[in-house]
Amino acid sequence: MYNYLSGGFLAYLNRDLLLGIRNKSDLIKPLIFFLLVSALVPLAIAPEADRLAQLAPGIIWIFAVLATLLSVERLFSDDLQDGSLEQMLISPNLLILPILGKITAHWLMIGLPLALLSPVIGVWLSLPSVAFVPMMLSLAIGTAVLSLIGAVGAALTLPRQGGVLLALLVMPLYMPVLIFGSATIQSAVDGLTWTAPLAILAAFLAIAIALCPLAINVSLRLAKNG
Amino acid sequence: MNLNLQWTWFHRLGSPRWFYQKTQRWLPWLCLIMLSLLVVGLVWGLAFAPPDAKQGNSFRIIYLHVPASVVALAGYYLMAISGAVGLIWRIKLSYMLMRSAAPIGAALTFIALVTGAIWGKPTWGAYWVWDARITSMLILLFLYLGVMALRHAYSSNEAADKASAILGLVGMVNVPIIYKSVDWWQTLHQPATIKFTGAPSMHPDMFMPLVVMIVGFYTFYAVTLILFTRIEILRREYRASWVKQLVENNSAEK
Amino acid sequence: MYFESIQQLIVMDGHGVYVWSAFSITIVVMLGLIFKPLCQVKQEFKNIQLHVRLQQVNAAAMQQKDSDAPHS
């Protein structure tokens with residue numbers, strides 16, 4: 001009954017979360033990547049606290065973008081291979097709610113853990129502690145936008161299974177999120193009001209929730225045929 | 001019934017055959033207009049316009065840089081809108097226009113980037129500066145390249161057209177957002193040395209050649225778009241009897 | 001003309017290198033955009049001619065086969 005009421009949102013959310021939990025390595029890979037590359041930064045640049053702190057807002061956001069890009073590729077391709085995508089597309093309805101369910105599951109498994117993990121990297125890169133809460137909030141909201149936009153790219157490149165093409169399509173669209181995400185952290189470090197860029201990130205999220213599922217719906221049907 | 005009559009012109013406009021035959025007649029005139037505008041604009045801008053008080057003669061590059069950027073940006077909207085027209089009314093010709101617009105737009109964006117970099121050297125002392133305009137143009141180039149590359153992911157022309165149209169629309173929603181974000185980011189980090197006086201303060205002697213060049217670049221865009229689309233028509237409509245007829249006549253003339 | 005001589009037009013107070021290199025790159029790219037489709041037209045016409053001739057040959061072969069069939 002609750003599946004019927006939520007229009008498939010909860011059904012697909014549950015299903016993808018279950019799949020993710022059963023297959024833990026896929027879940028952990030982007031997080032490990034996030035931690036590993038961040039550990040490389042002090043080695044590559046310098047272990048000086050001042051310099052690292054200066055670079056930290058940008059670096060954390062760049063790695064968050066790369067980590068979501070790594071994982072978003074698999075969003076639909078596994079479903080295409082095992083046939084469950086076909087099952088989903090048989091439905092004559094608009095697939096907005098099932099698609100949103102899948103993306104929410106992706107965010108819960110990638111974006112949210114990244115946000116929760118980010119204080120570790122904040123400590124490693126000697127980010128001032130005032131910026132921790134803004135950093136986690138901006139990552140939590142921003143990665144949701146990244147998941148939505150990334151899903152459009154993943155759906156469009158489904159016949160080719162993502163790869164470099166996915167990065168080429170999605171990276172320019174990620175630019176505004178990257179700018180306002182790192183600006184949130186930077187403003188907090190500088191003692192400015194960090195809620196303004198955060199509010200713009202939230203506005204991006206609202207636009208993306210409204211428009212991205214529509215584009216994904218059309219492109220998934222294309223990808224199945226093309 | 002009445003409604004149908006009103007829309008016939010629209011669907012005739014969408015016929016590749018109509019387009020091919022009409023543009024055959026338009027092309028010489030368009031080429032003539034394009035050549036005269038570009039020659040007049042360039043000679044006027046490069047040799048007759050007075051130099052900028054601060055930037056000296058290197059400011060003359062704007063007669064290439066600004067028209068190329070304006071048309072490249074407008075070209076993205078043209079590409080996205082013709083993709084949308086294709087999606088909504090299923091008009092073959094608008095997909096062909098969309099496909100042709102991508103490489104032309106990418107080339108114009110490339111011109112804008114290269115001339116911008118060359119202009120930057122004498123003006124700012126560096127070939128590359130993360131100026132808001134240059135950064136937006138770089139992102140625009142990636143957007144164009146994405147549309148061009150996505151085509152190869154699909155085996156059927158039809159699916160590739162629709163996918164490119166969707167990507168174009170997603171990009172169209174994003175272009176103003178990207179532009180505004182980059183602008184805001186620029187004001188946040190702007191070093192004091194990078195300041196550039198905009199068009200409103202330009203003297204008419206400098207401004208008029210620029211207007212001529214912008215119109216010239218638009219006609220250049222129209223000419224190349226028509227030429228590319230005609231190739232696309234030949235490629236996709238090779239089974240149509242009128243194309244075969246056309247080729248027969250052409251070989252008979254030789 | 002703003003400049004007093006052609007020499008000055010080319011040098012442009014030392015900025016000529018930048019102006020003329022930007023100019024030549026732009027012209028090369030623009031000429032490329034014009035000539036690429038013009039070259040492709042010939043190739044496309046050849047391809048279509050080939051296609052038409054292949055069709056004719058195929059049709060003739062089919063007819064030959066049909067007229068041969070009753071005798072055999």
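Reading the values: the criteria
- Residues numbered from 1 in each chain as written.
- Chains lettered and ligands numbered in written order.
- Predicted model: local features only at pLDDT ≥ 70, side-chain atom pairs only at ≥ 80, totals over all residues.
- Heavy atoms only, no water.
- Helix = DSSP H or I, 4+ residues; strand = E, 2+ residues; numbered from the N terminus.
- Rg over C-alpha atoms; globule rule 2.2 N^0.38 Å.
- Buried < 20%, exposed > 50% of the residue type's maximum accessible area, 1.4 Å probe, protein only.
- Areas by Shrake-Rupley, 256 points an atom, 1.4 Å probe, with all protein chains shown as cover.
- Lys, Arg positive; Asp, Glu negative; His and termini not counted.
- Charge placed at Lys NZ, Arg CZ, Asp CG, Glu CD.
- Contact = heavy atoms within 4.5 Å.
- Buried area = accessible area lost by both parts, 1.4 Å probe.
- Salt bridge = Lys/Arg side-chain N within 4 Å of Asp/Glu carboxyl O.
- Polar contact = N/O pair within 3.5 Å; in protein donor to acceptor, adjacent residues only side chain to side chain.
- Phe/Tyr/Trp six-rings, centres within 6.5 Å; stacked < 30°, edge-to-face > 60°.
- Axes fitted to C-alpha atoms, helices over the stretch in contact; angles between N-to-C directions.
- Parallel < 35°, antiparallel > 145°, perpendicular 65-115°, else oblique.
- Left-handed = near helix turned anticlockwise from the far one by under 90°.
- Expected span 1.5 Å × (residues − 1).
- Arc of directions from axis to C-beta.

### Details of the overall build of chain C
Stage number 1. Along chain C, the regular secondary structure elements total 2 helices and 0 strands.
Stage number 2. For 72 residues, the compact-globule formula gives about 11 Å, and the C-alpha radius of gyration of chain C, at 29 Å, lies well above that figure.
Stage number 3. For chain C, the spread of C-alpha atoms along the three principal axes comes to 90 × 20 × 10 Å.
Stage number 4. Expressed as a percentage of the 72 residues in chain C, the buried residues total 25%.
Stage number 5. Looking at chain C as shown, the accessible area adds up to about 5,100 Å², and 64% of this sits on carbon and sulfur atoms.
Stage number 6. Seen as two clouds, the 5 positive and the 5 negative side-chain charges of chain C have centres 12 Å apart.

### Description of the interface of chain B and chain C
Stage number 1. Of the residues lining the interface, 45 residues belong to chain B; the matching set on chain C comes to 32 residues.
Stage number 2. When the two sides are added together, the surface that chain B and chain C hide from each other amounts to roughly 3,400 Å², 80% of it contributed by carbon and sulfur.
Stage number 3. Where chain B meets chain C, there are 1 salt bridge.
Stage number 4. Here E44 of chain C ties to R235 of chain B by a salt bridge, and the two come within 3.0 Å at their closest N and O atoms.
Stage number 5. The interface formed by chain B and chain C holds 5 residue pairs in polar contact (both at pLDDT 80 or more) in total.

### Some details on the packing of aromatic side chains
Stage number 1. If you walk through the whole model with that rule in mind, you get 9 aromatic pairs over all chains.
Stage number 2. Aromatic side chains F180 of chain A and W184 of chain B sit 4.7 Å apart centroid to centroid with 25 degrees between the ring planes, which places their arrangement in the stacked category. One end of the pair, F180 of chain A, is in helix α9 (residues 164–190); the other, W184 of chain B, is in helix α6 (residues 157–189), on a second chain.
Stage number 3. Judged by relative accessible area, which is 29%, W184 of chain B ranks as partly exposed.
Stage number 4. Here the aromatic residues F180 and F204 of chain A together with W184 of chain B are joined through ring pairs into a cluster of three or more.

### Details of the arrangement of the chains
Stage number 1. In this assembly, 2 pairs of chains are in contact, and the pair with the greatest number of contacts comprises chains B and C.
Stage number 2. No interface is formed between chain A and chain C, the nearest pair of C-alpha atoms being 24 Å apart.

### Re the packing of helix α4 (residues 49–72) of chain A against helix α7 (residues 96–124) of chain A
Residues and elements named next belong to chain A.
Stage number 1. One can describe the packing of α4 onto α7 by two numbers: an axis separation of 11 Å at closest approach and a directional angle of 155 degrees. Accordingly, the angle class assigned to the pair α4 and α7 is roughly antiparallel. Once α4 is placed against α7, the crossing between them reads as right-handed. Taken together, the residues of α7 that come into contact with α4 (itself represented by L52, I60, A64, A67, T68, S71 and V72) are H106, I110, L114, I121, G122 and W124.

### Thoughts on helix α2 (residues 9–22) of chain A
Residue and element names in this part refer to chain A.
Stage number 1. Its 14 residues give α2 an end-to-end C-alpha distance of 20 Å, which sits within 8% of 20 Å, the value for a rise of 1.5 Å per residue.
Stage number 2. Residues of α2 that are buried: Y12, L13, D16 and G20. What you see down the axis of α2 is that its buried residues fit within an arc of 105 degrees, all on one side.
Stage number 3. Buried residues belonging to α2 abut α3 (24–44), α6 (84–90) and α7.

### Thoughts on unusual backbone geometry
Stage number 1. One non-glycine residue, S126 of chain A, lies in positive phi territory at about 50 degrees.
Stage number 2. In this fold, S126 of chain A is placed in the loop between α7 and α8 (132–156).
Stage number 3. Look at R90 of chain B: it is not a glycine, yet its phi comes out positive at around 55 degrees.
Stage number 4. Along the polypeptide, R90 of chain B turns up in the loop between α3 (62–89) and α4 (92–124).

### So, the pattern of salt bridges
All names here are of chain B.
Stage number 1. Under the definition given, this model contains 12 salt bridges over all chains.
Stage number 2. Taking the shortest distance from any N to any O, the salt bridge between E158 and K162 comes out at 3.7 Å. Of this pair, E158 and K162 both sit in helix α6, 4 residues apart, which is roughly one turn of that helix.
Stage number 3. For K162, a relative accessible area of 22% corresponds to the partly exposed category.
Stage number 4. Within this structure, R99, R151, D161, E232 and R236 form a network of salt bridges that share partners.

### Section: the environment of L220 of chain A
All names here are of chain A.
Stage number 1. Assignment of secondary structure puts L220 in helix α10 (residues 195–225).
Stage number 2. Sequence spacing of L220 and L80 is 140 residues, and the spatial spacing of their C-alpha atoms is 9.8 Å.
Stage number 3. In contact with L220, not counting residues within four places along its chain, are F76, L85, M88, L89, I99, A155 and L158.

Treat this as a map of the structure, not an account of what it does.
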